[in-house]
Amino acid sequence: MLTGFPSPSFLSPDMEVETVANIDAGALYQRGIRGVGFDADQTLCRFYGKEIDADLAENVERIRETFDGNVCIISNCTAQRYAELVENFPLHVVPVHSKKPSSDPFRAAEKHFQLPPSKWAFVGDRLLTDIVGANRAGWFSVLVNPLIPDTDPWYMRPARRYEHILRKAYRV
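Fair warning: this is a prediction, and the values are worked out from it, not measured in the lab. Residue positions within a chain follow its written sequence, with the count starting from 1. Thresholds applied to this predicted model are a pLDDT of at least 70 for local features of residues and 80 or more for the giving and counting of side-chain atom pairs; totals over whole chains, interfaces and linings are not thresholded and use all residues. Each side-chain value is derived from all of the structure's non-hydrogen atoms; neither hydrogens nor water enter the calculation.

A.B. asks: Kindly report on the overall build of the chain, identifying the contributing residues and their values.
C.D. replies: Broken down by element type, the chain carries 6 helices and 6 strands. Here a strand is any run of E in DSSP of at least two residues, a helix any run of H or I of at least four, and the numbering for each starts at the N terminus. Mapped in sequence order, the helices and strands of the chain form the string β-α-β-α-β-α-β-α-β-α-β-α. Compactness check: the chain gives a C-alpha radius of gyration of 15 Å against a globular reference of 16 Å for 172 residues, within 12% of the reference. Considered along the principal axes of its C-alpha atoms, the chain spans approximately 40 × 30 × 30 Å. Should any heavy atoms of two residues lie within 4.5 Å, those residues are considered in contact. Across the chain, contacts joining residues at least 24 apart in sequence account for 69% of those joining residues at least 6 apart. With the radius of gyration taken over C-alpha atoms, the globule rule is written as 2.2 Å times the number of residues to the power 0.38.

Written out as structure tokens, the structure is:
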């Protein structure tokens, strides 16, 4: 469980790219990364999307090939959404027992794929869940822009504004 406010160092992504389509799998591999985790909503698909966005699919497949299938989804989602991800996405979906920014779902991925934290990268669109969680877990963190912001539910707008304020305040 996350206690208190995260350290400013946990708020800083190791890398920022516009979308998953802009990730250079070869460059990550050269850094020693051997597995990649993704958030689902607004990272791989629109919010509650049923498939990987067509503009991202080719690079997701390239990433999967580069990392010998050591690719997964870690999503803070309901049991129903988890079942949809398992049914519709061609990647291992880590079971959700604790939500990001807890390191527990990251540890579950490490155990499933038998890779230590230093060999992982995590890609997500949320600073306070994806990036803080990946950094706390010792993973290389990659921040992407929300894929289709207009599909965010109403409650995401204040959260994104808050994250924007934090980035400015902490200069991250």
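A.B. asks: Residues and numbers for unusual backbone geometry, please.
C.D. replies: In the segment running from Lys100 into Pro101, the intervening peptide bond is cis, with an omega of 20°. With respect to the secondary-structure elements, Pro101 resides in the loop between β4 (92-93) and α4 (104-113). At Gln42, a position not held by glycine, the phi torsion is positive, near 70°. Within the fold, Gln42 resides in the loop between β2 (35-38) and α2 (54-66). Buried residues are those whose accessible area, probed at 1.4 Å on protein chains only, stays under 20% of the maximum for their type, while exposed residues exceed 50% and partly exposed ones sit between those limits. Residue Gln42 is classed as buried on the basis of its relative accessible area, which comes to 0%. Even without being a glycine, Asp68 presents a positive backbone phi close to 50°.

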